[in-house]
There are 2 protein chains.
Amino acid sequence: MNQYAPPIADIHFVLRELAGLDEIAALPGFEDATWDVTSAVLEEAGAFASGVISPINRSGDIEGARIENGCPRMPLGWRDAYAQFARGGWNGLSVRKALGGQNLPRLVAAAVDEMWNGASVAFALLPMLTRGVIDVLDQVGSAALKARFLPRLVSGEWTGTMVLTEPQAGSDLSAVRTCARPAGDGTYRLSGTKIFITYGDHDLCENIVHLVLARVEGAPAGAKGISLFAVPKRHVNEAGALGEYNDVRCVSLERKLGLHATPTCVLAFGDQAGAVGYLVGDENHGLENMFIIMNAARFAVGLEGVGLAERAYQSARAYASERVQGAESGSSSGAKVAIVRHPDVRRMLMSMKSRIEAMRALALVVAASMDKAEWHGDQGERAANRAFVELMMPVAKGWFTENGLDIASMGIQVHGGTGFIEETGAAQYLRDARITTIYEGTTGIQAMDLVGRKICRDGGTAIRAVIRSMRDVQVDLELDEHGDLRAIGRQLGQAIGELSNAANFLVETYRYSTRLALAGSGPFLDLLGTVACGWQMGRAALAARRLLAPERVDNAFLQNKIITSRFYADHILSRATALSHVVVHGAEVTLAMDEAGFAG
Amino acid sequence: MNQYAPPIADIHFVLRELAGLDEIAALPGFEDATWDVTSAVLEEAGAFASGVISPINRSGDIEGARIENGCPRMPLGWRDAYAQFARGGWNGLSVRKALGGQNLPRLVAAAVDEMWNGASVAFALLPMLTRGVIDVLDQVGSAALKARFLPRLVSGEWTGTMVLTEPQAGSDLSAVRTCARPAGDGTYRLSGTKIFITYGDHDLCENIVHLVLARVEGAPAGAKGISLFAVPKRHVNEAGALGEYNDVRCVSLERKLGLHATPTCVLAFGDQAGAVGYLVGDENHGLENMFIIMNAARFAVGLEGVGLAERAYQSARAYASERVQGAESGSSSGAKVAIVRHPDVRRMLMSMKSRIEAMRALALVVAASMDKAEWHGDQGERAANRAFVELMMPVAKGWFTENGLDIASMGIQVHGGTGFIEETGAAQYLRDARITTIYEGTTGIQAMDLVGRKICRDGGTAIRAVIRSMRDVQVDLELDEHGDLRAIGRQLGQAIGELSNAANFLVETYRYSTRLALAGSGPFLDLLGTVACGWQMGRAALAARRLLAPERVDNAFLQNKIITSRFYADHILSRATALSHVVVHGAEVTLAMDEAGFAG
């Protein structure tokens with residue numbers, strides 16, 4: 001099996017031509033993000049992803065995490081790889097310098113995160129969660145909490161978890177029951193059972209900081225009575241020294257379809273006297289405080305979709321180039337050819353490639369907007385970028401993972417029967433991808449968030465701003481002399497019209513029937529993702545067209561970018577009409593049947 | 001976990017209203033297929049599927065087939081279940097009476113086969129393969145071969161295999177190398193290694209009859225030098241008594257993504273003196289003779305798609321009705337509801353349900369056509385039905401399995417995080433479904449067959465005949481007073497237009513560029529499947545509308561059928577425009593890029 005190959009050329013193209021790294025590097029604090037530094041970081045990260053993380057992905061899947069003496073034991077090689085990761089300073093890449101990080105922009109971190117995920121999602125989950133805990137503590141933790149936990153989370157000596165789910169509280173966190181009793185000394189004692197806790201316990205390092213949603217005794221019912229606590233696996237005194245084990249126990253590991261190397265734990269808090277927990281932020285504001293990092297976490301899972309898709313594509317294209325089977329259609333020689341020559345195999349590879357490049361482009365454009373939303377000097381720019389990020393977050397999470405899943409499945413298809421054999425590795429990408437459309441909020445939850453909070457609450461203002469930017473690109477494409485660009489422009493124009501139409505329908509409908517609007521929320525998310533990615537591919541085609549020159553070493557890359565954009569326009573963007581039809585005309589029938597009708 | 005529930009009511013509806021069981025029962029030889037007999041068979045088969053096969057599906061997946069003392073040992077309970085299956089006479093359900101079967105129409109057998117697959121594809125594969133071997137021997141085997149092997153294949157005392165694939169010969173069987181040396185006594189000695197042999201060895205019965213593709217020494221190269229042999233696992237003398245083991249050995253089992261209970265074998269033929277094989281049909285006509293049963297085998301795999309989809313749907317709808325999570329959108333009470341009340345979950349369930357009913361309808365209509373193609377008294381009717389069956393076969397195989405796969409994946413999505421845990425069982429349906437779009441010819445191979453042999457070779461004659469029948473249904477729908485039916489008619493009309501347009505493009509294009517036509521073959525298969533299933537759902541809506549009456553006990557069923565048809569029209573048929581666009585406008589760009597462009 002080939003190892004993961006970092007897609008450096010395309011990342012460079014997107015950073016430079018679409019996501020505006022120069023503009024980001026000019027924001028205060030990001031002076032280090034020069035081209036030289038960024039290129040070096042990407043190069044080094046790529047080498048690490050390919051050389052250290054990628055090799056343990058398959059073996060980790062086979063061996064899996066296993067409980068031994070009450071603690072999950074990680075597969076062979078994982079401890080060493082994680083130690084190298086922490087030593088390399090990768091954990092703090094985008095953490096601010098005051099906390100010991102390198103303060104690189106999210107834009108650069110997102111490009112690097114795609115690589116970790118391409119090499120191994122099972123591995124990448126760990127720093128992703130630690131990063132989430134760092135962000136929450138940094139933003140709402142007390143000074144004492146920060147001092148106690150942050151330095152060794154940033155260094156990667158310790159790791160973090162997000163502890164939300166309980167058997168009765170999955171998508172609906174307001175149903176959380178885990179109880180927190182004030183101990184009288186400012187700390188709390190937590191008790192309750194949590195499930196589906198990713199990296200909830202492991203032997204990669206000495207300590208784990210759990211961020212736990214729980215209810216303080218006597219708190220109001222529902223979402224408004226939930227608080228957030230930091231609960232360490234081992235106690236840490238104020239000097240930072242490690243003490244005894246806290247009252248948190250890994251009861252069991254789930255046997256999952258994929259991500260076998262990732263320990264997914266059932267955690268019991270407070271089997272004895274109660275787990276010592278420290279309140280993070282104010283009491284009863286736990287959900288809000290958790291939501292501080294929800295955007296980042298959802299975006300991070302979106303990048304899992306991109307990374308997995310890229311890995312599945314690399315595996316498929318390698319197989320298609322090597323596997324000789326059948327003669328070329330229409331050829332009279334009868335000579336057998338590699339299957340990449342067969343039109344339908346090419347179609348699958350193009351479908352994978354074009355969607356991956358489209359997702360990467362949109363992902364990095366959104367990451368740049370996150371940087372601008374936080375650091376741009378102009379308040380209006382900050383607000384506009386914030387609105388764009390908010391709007392795109394459910395799309396990045398939902399669309400990237402749905403397409404990642406589909407691409408991973410297509411990767412198996414390219415392999416034929418070989419893809420069904422575990423040894424090939426192609427099956428693992430599908431198994432691993434299958435959770436990405438579910439955790440951190442299912443695609444359905446993302447779609448509700450999109451339609452309810454992001455489209456309808458502001459009466460369509462945010463989406464209209466994006467549509468205006470899309471129309472600008474459409475006009476540039478339509479006015480170009482290059483036939484492919486004009487064709488892309490036509491498809492994009494039609495798709496934008498469909499998007500606009502569907503958005504208007506939702507805004508109007510939501511006023512009198514949220515159910516009717518939400519019936520089309522899934523297809524609308526698909527529509528927005530399809531068009532937003534097509535918009536970025538249109539920009540990519542324009543940039544490539546501008547740069548094309550026979551003397552450039554990357555001239556073939558640029559020509560292929562135009563072909564890939566055109567493919568996206570004809571094969572993917574063309575779905576917009578059907579999606580819009582479903583949103584506008586398919587809602588009533590979705591709700592029409594009695595529940596009893598599902599019984600038989 | 002709930003056991004499989006046979007969808008008897010819908011099968012009855014399709015048999016009676018769409019597939020014309022009465023007409024089939026009037027064909028010579030099918031006098032037994034009365035409504036009483038058919039109902040009893042369906043009832044009994046349903047009970048067997050639910051009570052005997054379904055319970056071993058999950059346990060079989062967990063335990064898997066394992067090699068023990070050189071022979072694959074089947075999981076606990078499988079031996080007993082198979083013995084009951086054979087004792088019940090299920091193996092010979094549609095085998096003609098002269099061979100010891102019951103000679104029920106393919107139409108009835110197809111309905112029953114869906115149930116076996118719904119209960120366990122891993123199990124259903126075994127009788128499916130045995131049935132294939134029976135058909136080949138019956139049609140082209142010598143009298144001696146028939147006498148030697150058929151009785152105990154029909155009774156199910158022995159089972160059969162199709163032994164085609166070699167490492168270098170997968171989709172391209174012309175590359176087969178396994179060698180057959182004439183032994184001078186009319187028999188041959190085979191040697192070679194075959195892979196991916198489903199049920200290639202097992203301990204469910206005493207003997208196995210392998211149908212093996214091999215090359216007689218000195219035969220021409222390529223497809224025209226391949227012959228077909230019957231190679232028993234154990235020798236059988238002319239009196240039918242079992243003798244020594246033949247020179248066939250199961251070298252290993254593949255470790256697969258799914259179908260864990262099914263032993264998928266590497267078989268070594270002729271490690272010692274050569275495996276004794278009996279020529280089936282004429283020398284060098286092996287591929288043709290294998291293709292005799294290819295239609296049946298492909299159709300059978302299509303039914304795996306339908307069965308798996310139904311099983312995944314049953315699991316999802318049960319979970320959605322039981323799982324309480326979140327309040328109803330737009331409701332002020334805040335009371336938590338079962339997730340089936342959430343619009344996007346309903347949308348997924350409706351999408352599953354409507355496609356399953358559409359596939360079942362088309363499957364049984366095609367099965368009825370198989371019966372008519374063989375037994376109708378009128379030659380023109382036989383020819384017309386044969387043409388329809390030929391045209392629909394790649395669709396039944398390709399579209400049913402692609403949609404089965406998608407529905408199995410959607411089933412996991414409905415389960416949320418629980419679906420990713422193997423214990424739930426939902427993950428198994430996806431794992432099992434993943435091979436169905438690959439074996440017996442990948443979807444890409446089906447699509448090539450469809451466009452090349454079924455659409456373009458006759459200049460579009462066969463598809464035009466089908467389009468004419470579709471237009472008749474469209475007209476009936478459009479003229480109906482019921483608003484839903486008129487809406488279905490409009491969607492169907494538009495979709496037929498797109499189909500017609502795409503078919504014309506292919507017929508014209510194929511004349512000058514097979515590659516350009518084949519570039520759209522996959523989307524065209526999707527288009528034809530989408531429209532053909534929509535046509536059947538249109539017929540279903542018309543029948544339901546005609547039968548609707550408040551006093552009927554099945555009135556709710558009929559009303560739901562109209563809703564489901566309408567859903568299919570708005571959510572699935574509406575994709576036709578995009579698919580046709582891809583066929584007509586997306587072909588050139590699919591072929592545009594240099595192969596090197598796939599490298600990075």
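- For chain A, the name recorded in an unreviewed UniProt entry is 3-methylmercaptopropionyl-CoA dehydrogenase, with Trinickia symbiotica as its organism.
- Under Catalytic activity (unreviewed entry), UniProt gives the following word-for-word description of chain A: "3-(methylsulfanyl)propanoyl-CoA + oxidized [electron-transfer flavoprotein] + H(+) = 3-(methylsulfanyl)acryloyl-CoA + reduced [electron-transfer flavoprotein]".
- UniProt, in its Cofactor (unreviewed entry) section for chain A, records the words "FAD".

Concerning the overall build of chain A
- Regarding its fold elements, chain A presents 21 helices and 14 strands.
- Compactness check: chain A gives a C-alpha radius of gyration of 24 Å against a globular reference of 25 Å for 600 residues, within 12% of the reference.
- Along the longest, intermediate and shortest principal axes, the C-alpha atoms of chain A span 80 × 60 × 55 Å.
- Burial analysis of chain A (600 residues in total) assigns 66% to the buried set.
- For chain A, the share of sequence-separated contacts (at least 6 apart) that also reach a separation of at least 24 residues comes to 74%.
- For chain A, the accessible surface area stands at approximately 20,200 Å², while carbon and sulfur atoms represent 50% of it.
- Of the side chains in chain A, 58 bear a positive and 67 a negative charge, and the two mean positions are spaced by 2 Å.

Considerations on the interface of chain B and chain A
- Facing the 88 residues of chain B at the interface are 88 residues of chain A.
- Both faces combined, the contact of chain B with chain A buries some 7,700 Å², and carbon together with sulfur accounts for 59% of it.
- In this structure, B:E328 engages A:R515 in a salt bridge whose closest nitrogen and oxygen atoms are separated by 3.6 Å.
- Here the side of chain B that touches chain A is composed, by residue class, of 33 nonpolar, 32 polar and 23 charged.

Thoughts on the relation of the copies chain B and chain A
- Note on the identical chains: chain B maps onto chain A by a rotation of 180° and an axial translation of 0.0 Å, with an RMSD of 0.0 Å. With respect to symmetry, the two chain copies, as superposed, fit the operation of a two-fold axis.
- An overlap of 100% is found between the interface residues of chain B and their copies at the interface of chain A, pointing to a shared contact surface.

Some details on the UniProt feature "domain: Acetyl-CoA dehydrogenase-like C-terminal" (unreviewed entry) in chain A
- Those residues carrying the UniProt feature "domain: Acetyl-CoA dehydrogenase-like C-terminal" (unreviewed entry) are residues 481-594 of chain A in this numbering.
- End C-alpha to end C-alpha, residues 481-594 of chain A measures 55 Å, and it is 83% helix and 0% strand.

Re the packing of helix α9 (residues 294-322) of chain B against helix α12 (residues 426-433) of chain B
All names here are of chain B.
- As a packed pair, α9 and α12 sit with axes 10 Å apart at the nearest point and diverge in direction by 165°. For the element pair α9 / α12, the angle class is roughly antiparallel. Crossing angle aside, the handedness with which α9 passes α12 is left-handed. Across the interface between the two elements, L308, R311, A312 and S315 of α9 pack against Y429, D432 and A433 of α12.
- Of the residues that constitute the contact of α9 with α12, the class distribution is four nonpolar, one polar and two charged.

Concerning helix α18 (residues 521-547) of chain A
- Between its first and last C-alpha, α18(A) extends 39 Å over 27 residues, near the 39 Å set by a 1.5 Å rise per residue.
- Counting buried residues in α18(A) gives 23 out of 27 residues, a clear majority hidden from the surface.

Considerations on the domain arrangement of chain A
All names here are of chain A.
- According to the domain assignment, chain A consists of domain 1 (8-140), domain 2 (159-285) and domain 3 (443-594).
- Once you take the C-alpha centre of each, domain 1 and domain 2 turn out to be 25 Å apart.
- Taken together, the contact pairs 26 residues of domain 1 with 26 residues of domain 2.
- Both faces considered, domain 1 and domain 2 share a buried interface measuring about 2,300 Å² in area, 74% of it formed by carbon and sulfur atoms.
- Summed over the three residues of domain 1 that lose the most area to domain 2, namely M74, L126 and L129, the buried surface amounts to 23% of that side.
- Linking domain 1 with domain 2 are nine residue pairs in polar contact (both at pLDDT 80 or more), by the criterion used here.
- When contributions to the side of domain 1 that touches domain 2 are tallied by element, the ones reaching two or more residues are α4 (55-63), β1 (66-68), β2 (71-73), α5 (78-87) and α7 (121-140).
- Per element, the largest residue contribution to the side of domain 1 that touches domain 2 is eleven residues, and it comes from α7.
- Along the lines of polarity and charge, the residues of the side of domain 1 that touches domain 2 split into 18 nonpolar, four polar and four charged.

Parameters and conventions
- Residues numbered from 1 in each chain as written.
- Chains lettered and ligands numbered in written order.
- Predicted model: local features only at pLDDT ≥ 70, side-chain atom pairs only at ≥ 80, totals over all residues.
- Heavy atoms only, no water.
- UniProt positions renumbered as here; feature names shortened; annotations may be inferred.
- Helix = DSSP H or I, 4+ residues; strand = E, 2+ residues; numbered from the N terminus.
- Rg over C-alpha atoms; globule rule 2.2 N^0.38 Å.
- Buried < 20%, exposed > 50% of the residue type's maximum accessible area, 1.4 Å probe, protein only.
- Contact = heavy atoms within 4.5 Å.
- Areas by Shrake-Rupley, 256 points an atom, 1.4 Å probe, with all protein chains shown as cover.
- Lys, Arg positive; Asp, Glu negative; His and termini not counted.
- Charge placed at Lys NZ, Arg CZ, Asp CG, Glu CD.
- Buried area = accessible area lost by both parts, 1.4 Å probe.
- Salt bridge = Lys/Arg side-chain N within 4 Å of Asp/Glu carboxyl O.
- Nonpolar A, V, L, I, M, F, W, Y, C, P; charged D, E, K, R; others polar.
- Least-squares fit on C-alpha atoms with pLDDT ≥ 70 in both.
- Axes fitted to C-alpha atoms, helices over the stretch in contact; angles between N-to-C directions.
- Parallel < 35°, antiparallel > 145°, perpendicular 65-115°, else oblique.
- Left-handed = near helix turned anticlockwise from the far one by under 90°.
- Expected span 1.5 Å × (residues − 1).
- Domains from an automatic or database assignment.
- Polar contact = N/O pair within 3.5 Å; in protein donor to acceptor, adjacent residues only side chain to side chain.

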